[in-house]
Each structure stands twice: as structure tokens, then as C-alpha cells.
Amino acid sequence: RSPPASPQALEDHYSPSRWSPRLDRDTIIDAHLAVTAAGTERARASAQTLLHVPYGNGDREKLDIYFPTDPSETFPALVYIHGGYWQCLSKDDSGFAAPPLVSQGVAVVAVGYDIAPKGRCCPAEAAAACTAPRPLTLPFVLCSGHMDAMVLQVRRSLVFLAEQYPRIRGIYLCGHSAGAHLAAMVLSTDWTEFQVVPDIKGAVLVSGVYDLEPLLHTYVNDALNMSREVAQRNSPIRHVPPAVPAACEVLVAVAQHDSPEFRRQSQEYSQALRAAGWSVSLLDLAGVDHFDVIEKLSEDSYVLTQVGRRAVPRR
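By the naming in an unreviewed UniProt entry, the protein chain goes by KFA formamidase and is assigned to Tychaedon coryphoeus.

Here it is in C-alpha cells:
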């Protein structure tokens, strides 16, 4: 299927708050922020943590690490990459999924990265509420909050983990929305330029965007200021490497009440991975929208929590 032809339809399809039957679009973003913040506060209170661990020199180039309750000699780590349309949220809202995993011997690492425009959150997805985008020098001067820079930061965070925490045995990526995009870009990385190959064993990509071109003429790009070249360079669906024998398993999850565009993108990206020989599953989650599809990871009984726990074996 092709993206909607009209600009207004495209805007609607890339506005996740319009598609939830649960809450209206003016309150669902605030509710999401409240749920993730409260869940993270609970996780920090109950787990052994190392917060604000710098993996680089930037203000947001930091990790929060939630250690297993009963760590073995080595342990797997789930690396969580937050969403927010590359414009809001942070690692400080991203620990809510830790309790069901740390109790099973899995570390959870929440990754911080620069957002655009730097330092501003865009409530209710309203690009008009953001300050005007800063001019960016393209293509390779990596200004803070530029798409190339965000992708590079997430890749560098994994190199840091691999180098600094040798007790971590196997990295499992989990990203939501924009974070699923960044996690998918990690899967396309040529690690030779980093001289370190993180041991990525699996990825759970939740309600992601894998082709950035449809966003170019929507409100989402007002702050990101992507050119077509930047969008193409950072579209995972355009950069699916052939699977190697040890390639990780990928779970692409999408919500029943995601927009048709988010659902289309998830289906087409999973098909592209499969065509390149990857081990991939597409999970269509009933009864949830773009926001509670990830919020419910704090619940032991949630199907995606259970699937994720099976995908991250504590061996």
C-alpha cells in the first residue's frame, strides 16, 4: 500500500494521538508521559541502579542501568530506546519496563540521546509549540538533534556498553515509535568503523517508523528539518543488510489501534527483513493503541512482556 496522497491525510496518519479509542488526542500524550514517568520512578526505587552514566560528552549522552535483582556471573541486557518523535521524552521516562525483567536476571539500560529541537519537549505532538528549528549544515556536520547524530549516538551507546560492561552477555534492543526506528538503524550498522561489534542477539521493535520519507511534508519534520537525502539515509527499510548466520531475531510489534500508516510500515519492514533472510516475527497486538502498547511492559501479565522475557533468555 502507498502512503495517503493528500497532505492532511498524511498528517492524520502520522499523528498517533488521533487513533486511540481510549483517550482523546488532547489528553493521551499527557497521560502517556504521566504513566511512563511514574513507572520509571517506581523502577528506580525498587532496583539497583546506576543513573546518568555518560557514554559521550553531550548533555543527553547518558545511560540509566537497572541491574538484575539476582545477577549471575554474566547476564543479558535489554537496551530500551525511547520514542517521542525524536523531539521529546528522555531516558528519565524510560525505566518503567525494568521491574519484570530485573526480577528475572536481566539488566535494563535506558539510552539517552539528543532530541530536536534540543531541550524542548513537544506535548501533544504539536510542532507549532516548538521553537523554530535551528539551521542545520548538511549532510555530515552532526548538529545536536539532527537525525544522523541521533542514530550515531545510539550506536555509540552500544559500543560503550560492550566495552565497559564485560559481564553483559548478549544485548537485546527494544525501541518504541521513534525508538524503534533508531533500534532498526542499529541493525543496519557496519560495525567495522567502530572497531567493536556489540553482541546483539535480538530486537523488539514496537510501533515504529521505518521509512522516513512520508514524514518530510508533515509537522514532524518542522523540528527535524530533514532533507530527502537525510530521510533516505536514515530509513531502515532502505538499508536492510543480508542476514548473517548469527543474525539476531527480530520481533516487529504493532498495535491494533496504531494508524494504518504505522501498521503498513511495520508490515513492510518485517517483509523486507524476511526477504533479506532475517529471522523475523510480526506481532499484531489487540486492544492497545500507540501508547499503551509500550506502557504495559511494566505489567508481568502483558503479552509483549511475556514474549520479550522469552526472547531474552537468562542462561
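Now that the structure has been shown, we can carry on.
Bringing the overall build of the protein chain into the picture now. Looking only at helices and strands, the protein chain has ten helices and eight strands in total. Here the C-alpha atoms of the protein chain give a radius of gyration of 18 Å, agreeing with the 20 Å that 2.2 N^0.38 yields for 315 residues. Along the longest, intermediate and shortest principal axes, the C-alpha atoms of the protein chain span 55 × 45 × 40 Å. In the protein chain, buried positions account for 56% of the 315 residues. Counted over contacts in the protein chain with a minimum sequence separation of 6, partners at least 24 positions apart contribute 76%.

Here the focus is the pattern of salt bridges. Under the criterion given, the structure shown has 16 salt bridges. Where Asp 289 meets Arg 22, a salt bridge forms, and the shortest distance between an N and an O atom there is 2.8 Å. Taken together, the positions of Asp 289 in the loop between strand 8 (279-285) and helix 9 (292-295) and Arg 22 in the loop between helix 1 (7-13) and helix 2 (28-46) put the pair 267 residues apart, joining distant regions of the chain. Residue Arg 22 is classed as partly exposed on the basis of its relative accessible area of 38%. Put simply, Asp 148 and Arg 233 hold a salt bridge, and the shortest N to O gap is 2.5 Å. Of the two residues, Asp 148 is situated in helix 4 (residues 147-164) and Arg 233 in helix 7 (residues 228-233); the sequence distance between them amounts to 85 residues.

A separate point is helix 5 (residues 178-187). Burial analysis of helix 5 places ten of its ten residues in the buried class, which makes it a mostly covered element. Turning to helix 5, its buried residues number three or more, namely Ala 178, Gly 179, Ala 180, His 181, Leu 182, Ala 183, Ala 184, Met 185, Val 186 and Leu 187.

Here we take up helix 8 (residues 260-275). Taking 1.5 Å of rise per residue, 16 residues should cover 22 Å, and helix 8 covers 22 Å from first to last C-alpha, within 8% of that figure. Taken together, the buried positions of helix 8 are Glu 261, Phe 262, Arg 263, Arg 264, Gln 265, Ser 266, Tyr 269, Ser 270 and Leu 273. On its buried face, helix 8 sits against helix 1, helix 5, strand 6 (200-206), strand 7 (249-255) and strand 8. Just beyond helix 8, the residue with positive phi is Gly 277, at close to 95°.

The predicted structure's coordinates, where accompanied by low pLDDT, should not be read in detail. Predicted confidence across the protein chain gives a mean pLDDT of 89, with 90% of residues reaching 70 or more. Overall, residues 119-141 carries pLDDT values under 50, and its contacts beyond four positions in sequence, including any with other chains, amount to 47 contacts.

Let us look at the environment of Ile 168. The residue Ile 168 is located in strand 5 (residues 168-176) in this model. Exposure remark for Ile 168: the relative accessible area of 17% places this residue in the buried category. Between the alpha carbons of Ile 168 and Gln 267 there is a distance of 32 Å; along the sequence they are 99 residues apart. Once you skip the residues sitting within four places of it in the chain, Ile 168 turns out to touch Phe 75, Ala 77 and Leu 161.

A word on the nonpolar core. If you look at soluble globular proteins, the nonpolar side chains tend to sit buried side by side. Counting residues in hydrophobic clusters, the biggest one holds 64 residues, and the most contacted among them are Trp 86, Leu 158, Leu 173, Leu 187, Ile 200, Leu 205 and Val 250. With residues up to four places along the chain from it excluded, the contact list for Leu 173 reads Val 79, Leu 158, Ala 183, Val 186, Leu 187, Ile 200, Gly 202, Ala 203 and Val 204. Core analysis: the next-biggest nonpolar cluster, separate from the first, contains 28 residues, Tyr 80, Ala 253, Leu 297 and Leu 304 among them.

Among the secondary structure elements, Leu 205 is positioned in strand 6. Taking the C-alpha atoms as reference points, Leu 205 and Pro 7, separated by 198 residues in sequence, lie 27 Å from one another. When sequence neighbours within four positions are dropped, the list of residues in contact with Leu 205 reads Gly 175, Ala 180, Ala 183, Ala 184, Tyr 210, Val 250, Leu 251, Val 252, Ala 253 and Tyr 269.

Next up on the list: the pairing of strand 5. Summarising burial for strand 5: eight of the nine residues are buried, a large majority. Pairing of strand 5 with strand 6 involves six bridges; the strand directions are parallel. Paired with Leu 173 across the bridge in strand 6 is Ala 203. Where the polypeptide runs from strand 5 across helix 5 and back to strand 6, its parallel neighbour, the crossover connection is right-handed.

Hydrogen bonds between backbone atoms are what pair the strands of a sheet, whose relative direction is either parallel or antiparallel. Strand order in the open sheet made by the eight strands is 1-2-4-3-5-6-7-8, with mixed pairing throughout. Strand pairing shows two members of the sheet lacking a second neighbour, strand 1 (48-54) and strand 8, which therefore form its edges. Taking each pair of neighbouring strands and ignoring which way they run, the sheet shows an average axis angle of 20°. By the bridge criterion, five bridges tie strand 1 to strand 2 (residues 62-67) in an arrangement that is antiparallel.

Definitions and cut-offs
Residues numbered from 1 in each chain as written. Predicted model: local features only at pLDDT ≥ 70, side-chain atom pairs only at ≥ 80, totals over all residues. Heavy atoms only, no water. Helix = DSSP H or I, 4+ residues; strand = E, 2+ residues; numbered from the N terminus. Rg over C-alpha atoms; globule rule 2.2 N^0.38 Å. Buried < 20%, exposed > 50% of the residue type's maximum accessible area, 1.4 Å probe, protein only. Contact = heavy atoms within 4.5 Å. Salt bridge = Lys/Arg side-chain N within 4 Å of Asp/Glu carboxyl O. Expected span 1.5 Å × (residues − 1). pLDDT = per-residue confidence, 0-100. Core = buried A, V, L, I, M, F, W, Y, C linked by side-chain atoms within 4.5 Å. Pairing = 2+ DSSP bridges. Right-handed = clockwise from strand over helix to strand, strands pointing away. Axes fitted to C-alpha atoms, helices over the stretch in contact; angles between N-to-C directions.

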